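Chain by chain, the residues:
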Amino acid sequence: MTPPLPEAGPETTIGVIAAIAAFLTISILLGFFMRKKAKSFEEWLVGRRDIGPLVTGFALVASYLSGWAIFGNAGLGYAYGWSGSWLIGTTCVAGTALCLVIGYRMRKYVALGVRTVPEMLKVRFESRMVQALAGLAMIILLIVYSVGQYKAMATVWTITTNTPFFGSLLATAILVLVYLIVGGYTGTQWVSCFQGILLTIVGWTLGITALIWAGGPTKIAEAIGMQTFTFHGGEQTSFFLSDYTLPVQSLQDRFAGVDYFGVVAAMFMFLFMATGFPHNIARFLGTRKITKREYWVMLLILIVGGLTPLWIGVVGFAARTVWGDVLMATNPPIYGDSAAVYASMSAGGIPLASLFAASVFAASVATIAGMVMIMATNITRDLIHNAYPKTSPKKLLWLTKLMLIPFIAIPLWWTFTSPPPILSEFMAGSAVAQAGIFFFVVGISMYWKRATKWGAITTIIYGLILTLLNPNAYGKLVGLYHWGYWALLLMFGSALTYFLVSLVTKPLPEEKLKKLFPKRKS
Amino acid sequence: MTLRNVKETGMSKIHCLLAIMILCIILVPVTAYLIGGWYAYWGHVLLAIIFAVLAVFIKTQYYWEED
């Protein structure tokens, strides 16, 4: 007999609110302490290029682990069994290592006055158009990414406080606003480092606890092997969850694990996306000069932190073992995404459920706040100031503050009107586009002298057009029904566009490139 | 050994390491298909870690850059 789902009592609610309040307080104190030490706002944002490997490493972990990794992966494991592991990101450590290898050169651009990724592109290509286009692409893709974060936090709030889902969405938006008002938005390296450590500890603890709670690895593997796939809403199928692919025809437009084309696409997505996420690679802007030994320390941190998403996937497997497919028909529109919250309450009681809620808060609300700030500055710094350089800093600041409202409201409205059933597969759409566009335009351009502004411009435009042609958007109108084909077309089409157009157009003169490309030493 | 020989030996080592990295990626779906279950799940992590270590090794050993 399936055990009943846990219900949140007043103690759970108090524990969750206390844990979130404690997290918020520590983040604010850290933010204010570091602000005192910094001489200017810009210095506060990226530091004085004095951030060491430990802080940079954990900050990178924090920016990489959004609501998808710390929360959504349990939904994937729960709903899809082993085939969900492709979007859980079992190979994500490879991608974060590439980001470590490639991203360090961002430091070079700080000395040239760069503070954001689009600004870095302006300097690299001496083109305001590239800066503006990159800013625009970031806005579009980050809005989609924010929708998933809203669902993550609203789900935790719904289950642990017994608030209706749509009320929880509003509560999430209010928390984002509070976070922004009190200054947590800046996501200084120190605050991000604290978040990274918290997410890693809680993710590992919850994963190991859930593994034991469900009866151990053998029992989980047996239970998953015997169960079949159930659609959200409760419609059952005869497809077993025992394999690493789940050949359900109607899932092909959104699920990577449907066949090996989707699998390959998901693997490349994870390989490219850590570097392609602009908010990720920007972590290197404040880093000091790192020794070879410290480079290895950073890799160790990325490996330990990079295993967190896998542990959250384990939580989903454990929940499936204990409750079967019950959650696929429970709590619409949350469904299987509630697996981690229920498992944290059952396996770890109030302390672990509260800590997990604080972690999801850290991952999702801080990510939304960070993205809202990035989008607002994309408008003011990369578009308005770019077009009208004489606009006063005071006006720009006010405009930035004003732009926070629509960028909080747009993804909120989206989640309110059509919340994604499995948030990680929804967010994968945005991740593919960020990976396909920015891995090449930002990452490769720092190493390939032959890259040109036209290569970058056409790649961004191509990537954005393909983003619109996602099978769940307008792709079916042009015959794109398969998520894997679409993702491969976006990423490798972007690569082809970038290299071909760059090769047939004129790069910057050698003397200008000299300052951007250091001589290597063995 | 001449400077040219040293460079060529270095390049062949890098190519060898890159080949192992590519193999790590290819083996991911292969292990999922042939082995499956927990062994594939954690095996993927192991392959990704080998890939990561080699990537950082190549960077620190052959492509290290100073300010």
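Anyway, here's the lowdown on the structure attached to this text.

Rules and cut-offs
Residues numbered from 1 in each chain as written. Chains lettered and ligands numbered in written order. Predicted model: local features only at pLDDT ≥ 70, side-chain atom pairs only at ≥ 80, totals over all residues. Heavy atoms only, no water. Helix = DSSP H or I, 4+ residues; strand = E, 2+ residues; numbered from the N terminus. Rg over C-alpha atoms; globule rule 2.2 N^0.38 Å. Contact = heavy atoms within 4.5 Å. Areas by Shrake-Rupley, 256 points an atom, 1.4 Å probe, with all protein chains shown as cover. Buried < 20%, exposed > 50% of the residue type's maximum accessible area, 1.4 Å probe, protein only. Polar contact = N/O pair within 3.5 Å; in protein donor to acceptor, adjacent residues only side chain to side chain. Buried area = accessible area lost by both parts, 1.4 Å probe. Salt bridge = Lys/Arg side-chain N within 4 Å of Asp/Glu carboxyl O. Core = buried A, V, L, I, M, F, W, Y, C linked by side-chain atoms within 4.5 Å.

## A few points about the overall build of chain A
Argument step 1. When you go through chain A residue by residue, the secondary structure sums to 22 helices and two strands.
Argument step 2. Relative to the 2.2 N^0.38 estimate, which gives 24 Å for 522 residues, the radius of gyration of chain A is 22 Å and therefore close to what a compact globule would have.
Argument step 3. Of the contacts formed within chain A by residues at least 6 apart in sequence, a portion of 81% connects residues at least 24 apart.
Argument step 4. Accessible surface computed for chain A: about 18,800 Å², of which carbon and sulfur atoms make up 69%.

## Things to note about the side chain of Glu-65 of chain B
Argument step 1. Here Glu-65 of chain B is to be found in the segment after helix H2 (37-62).
Argument step 2. The exposure class assigned to Glu-65 of chain B is buried, which follows from its relative accessible area of 11%.
Argument step 3. A distance of 2.6 Å separates polar atoms of two side chains, one belonging to Glu-65 of chain B and the other to Arg-105 of chain A.

## Considering the interface of chain A and chain B
Argument step 1. Contacts between the two partners involve 43 residues from chain A, matched on the other side by 30 residues from chain B.
Argument step 2. In this assembly, chain A packs against chain B so that about 3,400 Å² is buried in total across both faces, 74% of it on carbon and sulfur atoms.
Argument step 3. The interface formed by chain A and chain B contains one salt bridge.
Argument step 4. The closest approach of N and O atoms between Arg-105 of chain A and Glu-65 of chain B, which form a salt bridge, is 2.6 Å.
Argument step 5. Our count for the contact surface shared by chain A and chain B stands at nine residue pairs in polar contact (both at pLDDT 80 or more).

## Overview of the nonpolar core
The nonpolar side chains of a soluble globular protein tend to be buried, and buried together.
Residues and elements named next belong to chain A.
Argument step 1. Membership of the largest hydrophobic core comes to 210 residues, with the highest contact counts inside it found for Trp-68 and Met-269.
Argument step 2. Take this core: its biggest share by element is 25 residues, from helix H17 (residues 339-387).
Argument step 3. When near neighbours in sequence (up to four residues on either side) are disregarded, Met-269 contacts Trp-68, Leu-87, Ala-428, Ala-431, Val-432, Ala-435, Trp-483 and Met-491.

No statement about biological role is implied by the geometric values presented.
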